[in-house]
Amino acid sequence: MFKIAVYPLVKQRNCRIGLNHLRNLAIGRRYFDPKNGMAFLKIFGMKQNKPLLLSFLNSILRRKGDDIIEEVELLPHWLPPRYEGSKQSMLDVSCWDKKGHKYIVEIQNNRFIILFIQRLKYYASRTYSSRDKLFKGVDYLQLKPVTLLAIANHNIFPEEIRCISYHCNHERETYKGFLPNLSYVFVELPKFSKSIEQLKTPEDYWIHLLKEAFDEDEPPKEAPREIQEAYGILERYRWSLEETISYDKTMMAILDDIDAMRTAKNEGREEGREEGIKEGRKEGIKEAIKEGREEGKEEVQEEVACKLLKRGHSLQDISDITGLSVSKVKELSKQ
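Everything numeric here is computed off the predicted structure, so don't read it as measured data.

> Looking at this model, I keep getting lost on the pattern of salt bridges. Mind explaining?
Should their charged atoms come close, side chains of opposite charge can pair. This model, assessed by the stated rule, comprises 13 salt bridges. In this structure, Glu243 engages Lys42 in a salt bridge whose closest nitrogen and oxygen atoms are separated by 3.1 Å. Of the two residues, Glu243 is situated in helix 7 (residues 241–267) and Lys42 in helix 2 (residues 37–44); the sequence distance between them amounts to 201 residues. Under the relative-accessibility criterion, Glu243 is labelled partly exposed at 22%. The closest approach of N and O atoms between Glu226 and Arg225, which form a salt bridge, is 3.4 Å.

This is the structure in structure tokens:
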């Protein structure tokens, strides 16, 4: 009873602390974090920035020659409910080209890997079938290919899978593809290790921007024009107060998910499971509980702590969020 009564107060306190530090942190940074959904949308989801989206898609999808995407039309950020009374699905960026091929770009900051992949498959299949309104009699032959490009701020696949991986249906023995209309591309940012001196292609520069722009004071000197423009969009002084507030709210949602995951892992009992599901993000907590073995808990806590240290949070706040002692967080900061 006592735990349930004080939990909302603790959560409110943590939210206030987190929001204050986000604001203090922004003052010392030139650029906002492009992995934040609001910042990502400003770069790739605005009509006036379509050249940046084209550069990004052609680079990451490695399009050349006749396969280059020359023009795209932005689509709404939501998928209509599948059934009456069901919820909409929100997409980060969605567009289609002159051939009718559709592209979805999603950014993911949290480690809910299984649910993340399942959600992506749902988005791709819904997009493939819903656009042409099959249930209203449109011919199946009119369905156009869908490519889903997912950018993850954590590792998804084993180490032998490279930073960018391409996935589509193949016949098992011949490896030939006869079902090409649904394909997936994953960018795992932690696997990208090139220094600024090693950046050569637009692909390199785009991934570098997504991973490192938040911690940089200026763009790489040799970056292509589109990359320079993206850095300009991220400059905090160019953002309105309303946009900055939306950015802060998105960052707070990320911290809430981390806090919910930690709570579920620490409690790990039936009462913790029930309370966590009520108070946190249901999908993420279910997976966190599933993964919540004691031997893996400290590793997850340390990984989250390192990410928050990199973002400039105080030792005490990181201790509050991760459950690690202040001395342990201090030790991690020295490393």
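Back to the write-up after that little detour.
> I'm lost on the side chain of Lys50 in this one. Help?
Mapped onto the fold, Lys50 is located in helix 3 (residues 50–60). Residue classification places Lys50 among the buried positions, given a relative accessible area of 14%. Polar side-chain contacts of Lys50 include one of 3.0 Å to the side chain of Glu71. Apart from residues no more than four positions distant in its own chain, Lys50 is found in contact with Glu71, Val72, Glu73 and Leu74.

> Would you mind going over the sheet that holds strand 7 (residues 164–169) with me for this structure?
Within a sheet, each strand pairs with its neighbour through backbone hydrogen bonds, oriented either parallel or antiparallel. Read from one edge of the open sheet, 6 strands run 1-4-5-6-8-7, paired in mixed fashion. Only two strands of the sheet have a single partner each, and these edge strands are strand 1 (72–74) and strand 7. The sheet shows a mean angle of 20° between the axes of neighbouring strands, taken without regard to direction. Relative to strand 6 (residues 146–152), strand 5 (residues 102–108) is paired through 7 bridges, and the arrangement is parallel. Among the inter-strand pairings, Gln108 is bridged to a residue of strand 6, identified as Ala152.

> Help me understand the packing of aromatic side chains in this model?
Between two aromatic rings, the relevant description is the distance of the centres plus the angle of the planes. By the definition in use, this model includes 9 aromatic pairs. Ring centres of Phe32 and Tyr247 lie 4.2 Å apart, and the angle between their planes is 40°; this geometry places the pair in the tilted category. Of the two residues, Phe32 sits in the loop between helix 1 (2–27) and helix 2 while Tyr247 sits in helix 7, which places them 215 residues apart along the sequence. Each member of the pair, Phe32 together with Tyr247, is buried. A centroid spacing of 5.6 Å and a plane angle of 85° characterise the contact between Phe56 and Trp206, whose relative ring orientation is edge-to-face. Highlighted residues: Phe56 in helix 3 and Trp206 in helix 5 (residues 202–212), separated in sequence by 150 residues. Counting every residue linked through ring pairs, the aromatic cluster contains Phe40, Phe44, Phe56 and Trp206. Taking the ring centre of Phe214 as reference, the NZ or CZ of Arg29 above it sits at 4.4 Å.

> What should I look at first to understand the pairing of strand 8 (residues 179–188) in this one?
Put simply, side chains in a regular strand alternate between the two faces of the sheet. Sheet topology note: the strand 6/strand 8 ladder contains 7 bridges and is parallel. When the bridges of strand 8 are listed, Val146 appears paired with Leu182. When strand 7 meets strand 8, the two strands line up antiparallel, connected through 6 bridges. Note that in strand 8 the partner of Cys168 across the bridge is Ser183.

> Quick question: what am I supposed to make of helix 6 (residues 225–234) here?
By the criterion of burial, helix 6 is predominantly enclosed, with 7 of the 10 residues buried. Buried residues of helix 6: Glu226, Ile227, Ala230, Tyr231, Gly232, Ile233 and Leu234, and no others. Buried positions along helix 6 lie against helix 2, helix 3 and helix 5.

> Would you take a moment to explain the environment of Thr244 for this structure?
Tracing the sequence through the fold places Thr244 in helix 7. The sequence separation of Thr244 and Met38 amounts to 206 residues, and the corresponding C-alpha distance is 8.9 Å. Those residues in contact with Thr244, other than ones at most four positions away along the chain, are Phe32 and Trp239.

> So what exactly am I meant to see when it comes to the packing of helix 3 against helix 6 here?
Describing two packed helices takes the angle between their axes plus the distance from one axis to the other. For the pair helix 3 and helix 6, the least separation of the axes is 10 Å and the interaxial angle reads 125°. Here helix 3 is positioned oblique relative to helix 6, judged by the angle of their axes. Considering only the axes of helix 3 and helix 6, their crossing is left-handed. Residue-level contacts link Pro51, Leu52 and Ser55 of helix 3 to Glu226, Glu229, Ala230 and Ile233 of helix 6.

> I keep staring at the confidence of the model for the chain and nothing clicks. Help me out?
Put simply, the chain has an average pLDDT of 77, and 70% of its residues get 70 or more. Considering only residues more than four positions removed or in separate chains, one finds that residues 1–13, a stretch of pLDDT under 50, has 13 contacts.

> How should I be thinking about the nonpolar core in this particular structure?
The tendency in soluble globular proteins is for nonpolar side chains to be buried side by side. In this structure, Ile43, Phe56, Leu57, Leu149, Ile151, Val187 and Leu209 are the most contacted members of the largest nonpolar core, which totals 46 residues. Examining the composition of this core, we find that 6 residues originate from one element, helix 3, more than from any other. Excluding anything up to four places from it in sequence, Leu149 contacts Phe56, Leu57, Ile60, Leu61, Ile104, Val105, Glu106, Val185 and Val187.

The rules we used
- Residues numbered from 1 in each chain as written.
- Predicted model: local features only at pLDDT ≥ 70, side-chain atom pairs only at ≥ 80, totals over all residues.
- Heavy atoms only, no water.
- Salt bridge = Lys/Arg side-chain N within 4 Å of Asp/Glu carboxyl O.
- Helix = DSSP H or I, 4+ residues; strand = E, 2+ residues; numbered from the N terminus.
- Buried < 20%, exposed > 50% of the residue type's maximum accessible area, 1.4 Å probe, protein only.
- Polar contact = N/O pair within 3.5 Å; in protein donor to acceptor, adjacent residues only side chain to side chain.
- Contact = heavy atoms within 4.5 Å.
- Pairing = 2+ DSSP bridges.
- Axes fitted to C-alpha atoms, helices over the stretch in contact; angles between N-to-C directions.
- Phe/Tyr/Trp six-rings, centres within 6.5 Å; stacked < 30°, edge-to-face > 60°.
- Lys NZ or Arg CZ within 6 Å of the ring centre and 35° of its normal.
- Parallel < 35°, antiparallel > 145°, perpendicular 65-115°, else oblique.
- Left-handed = near helix turned anticlockwise from the far one by under 90°.
- pLDDT = per-residue confidence, 0-100.
- Core = buried A, V, L, I, M, F, W, Y, C linked by side-chain atoms within 4.5 Å.

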